[in-house]
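# Notes for the structure review
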Amino acid sequence: MSTLVLDRTDNAAGRRTLAENLRHQLADEIMTGVLAPGVALDETEIARRFGVSRTPVREAIRLLNASGLVEARPHRAAVVAQPSPARLVGMFEAMAELEALCATFAAERMTRIERQALEAIHEQLRTLIHSGDPQRYHEINEAFHAAIYNGAHNEYLAELTLTTRLRVAPFRRAQFRNLGRLAKSHAEHDQVLTAILRGECVRAGEAMRAHITTVRKEYETYTRSL
C-alpha cells in the first residue's frame with residue numbers, strides 16, 4: 001500500500017483536503033511516467049492502494065480531469081491523458097496573459113496591508129530555497145500568486161485566473177524539480193514584487209508574463225530529463 005502524505009497546511013484556497021493531497025500524488029505519478037498515458041484509473045484499486053475511501057479518489061480524479069492530466073469517460077474509468085504540446089503551450093500563454101493582467105492591476109490597487117502580506121509570503125519562499133523542498137515551495141508559491149490575484153481587486157479576473165491555474169498547476173509544479181529552480185523562481189518573483197510595491201503597473205505585468213513564460217520553458221526542460 002502506498003503512503004498518502006496528509007499535508008494539512010493552510011494555503012491560498014484554505015486547508016488542503018484529502019482529495020487534493022491524493023491529486024498531488026497521482027499527478028506526480030502521471031508526470032514521472034509511473035502512470036502512463038492511456039492507463040485506466042480504477043477507483044477501487046487507487047482507494048485500496050492509498051488506504052482511503054472511493055469518495056476522495058473520485059474527487060481527485062475530477063481535479064485531475066480539470067487540469068488535463070486525466071480524460072473522464074462516461075460510464076467507464078477515467079484514463080491518463082497528456083495535452084498535446086500545442087495545447088499545453090496555449091494553456092501557458094493564456095496563463096501568462098491572465099497573471100500579467102492581475103499583476104498590472106495589483107500594482108495599482110493593492111492596499112498597504114495586502115502589499116505587506118505579499119512581502120511576507122515572498123520571505124517565506126526565500127527561506128524554503130535552502131530547504132530544497134519543492135512540494136512546500138509549490139504550496140507557498142500558490143499563496144504568492146493568489147495574493148496577487150486578490151490584490152487585483154477584480155473578482156471575475158481572479159476567478160478566470162484561478163480556473164486556468166488549476167489546469168496548468170501539475171505542469172507548473174513539476175518544473176520545481178529542476179536543479180536550482182527554486183532560487184530562480186524566487187528571483188523572478190522578486191522582479192514582480194518590486195514592481196508591485198513601487199506601483200509600476202506596466203513593469204509588473206511584464207515581469208509576471210516573463211515569469212510564466214520561463215515556467216513553461218522550465219517544464220519543457222523537466223520533461224526532456226525524464
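The paragraphs below set out a description of the structure included in this document. (Residues numbered from 1 in each chain as written. Predicted model: local features only at pLDDT ≥ 70, side-chain atom pairs only at ≥ 80, totals over all residues. Heavy atoms only, no water.)

### What to know about the overall build of the protein chain
- For the protein chain, the count of helices and strands is nine helices and four strands.
- The N-to-C order of helical and strand elements in the protein chain reads β-β-α-α-α-β-β-α-α-α-α-α-α.
- By the compact-globule yardstick of 17 Å for 226 residues, the protein chain fits well, its C-alpha radius of gyration being 18 Å.
- Taken over the C-alpha atoms alone, the protein chain extends approximately 55 × 35 × 35 Å along its principal axes.
- Counting every position in the protein chain, which comprises 226 residues, the buried fraction comes to 48%.
- In the protein chain, 72% of the contacts between residues at least 6 apart in sequence involve partners at least 24 apart.
- Carbon and sulfur atoms make up 55% of the accessible area of the protein chain, which totals about 10,900 Å².
- Treating the 30 positive side-chain charges of the protein chain as one cloud and the 28 negative ones as another, the clouds have centres 3 Å apart. (Helix = DSSP H or I, 4+ residues; strand = E, 2+ residues; numbered from the N terminus. Rg over C-alpha atoms; globule rule 2.2 N^0.38 Å. Buried < 20%, exposed > 50% of the residue type's maximum accessible area, 1.4 Å probe, protein only. Contact = heavy atoms within 4.5 Å. Areas by Shrake-Rupley, 256 points an atom, 1.4 Å probe, with all protein chains shown as cover. Lys, Arg positive; Asp, Glu negative; His and termini not counted. Charge placed at Lys NZ, Arg CZ, Asp CG, Glu CD.)

### A look at unusual backbone geometry
- Here H75, not a glycine, exhibits a phi torsion of approximately 65°, which is positive.
- The class of H75 is exposed, set by a relative accessible area of 86%.
- Non-glycine residue H153 carries a positive phi angle of around 50°.
- Summarising the element assignment, H153 is placed in the loop between α6 (134–151) and α7 (155–174).
- Assessed through its relative accessible area of 42%, H153 is described here as partly exposed.

### Digging into the side chain of E218
- With respect to the element layout, E218 can be found in helix α9 (residues 201–225).
- Buried charged residue E218 carries no salt bridge. Nearest counter-charge: R181, at 4.1 Å. (Salt bridge = Lys/Arg side-chain N within 4 Å of Asp/Glu carboxyl O.)

### Here we look at the nonpolar core
- Among the nonpolar cores identified, the biggest contains 61 residues, and L22, L26, L118, I148, F171 and I196 are the most heavily contacted of them.
- Sort the elements by how many residues they give to this core and helix α4 (residues 85–109) lands first, with 11 residues. (Core = buried A, V, L, I, M, F, W, Y, C linked by side-chain atoms within 4.5 Å.)

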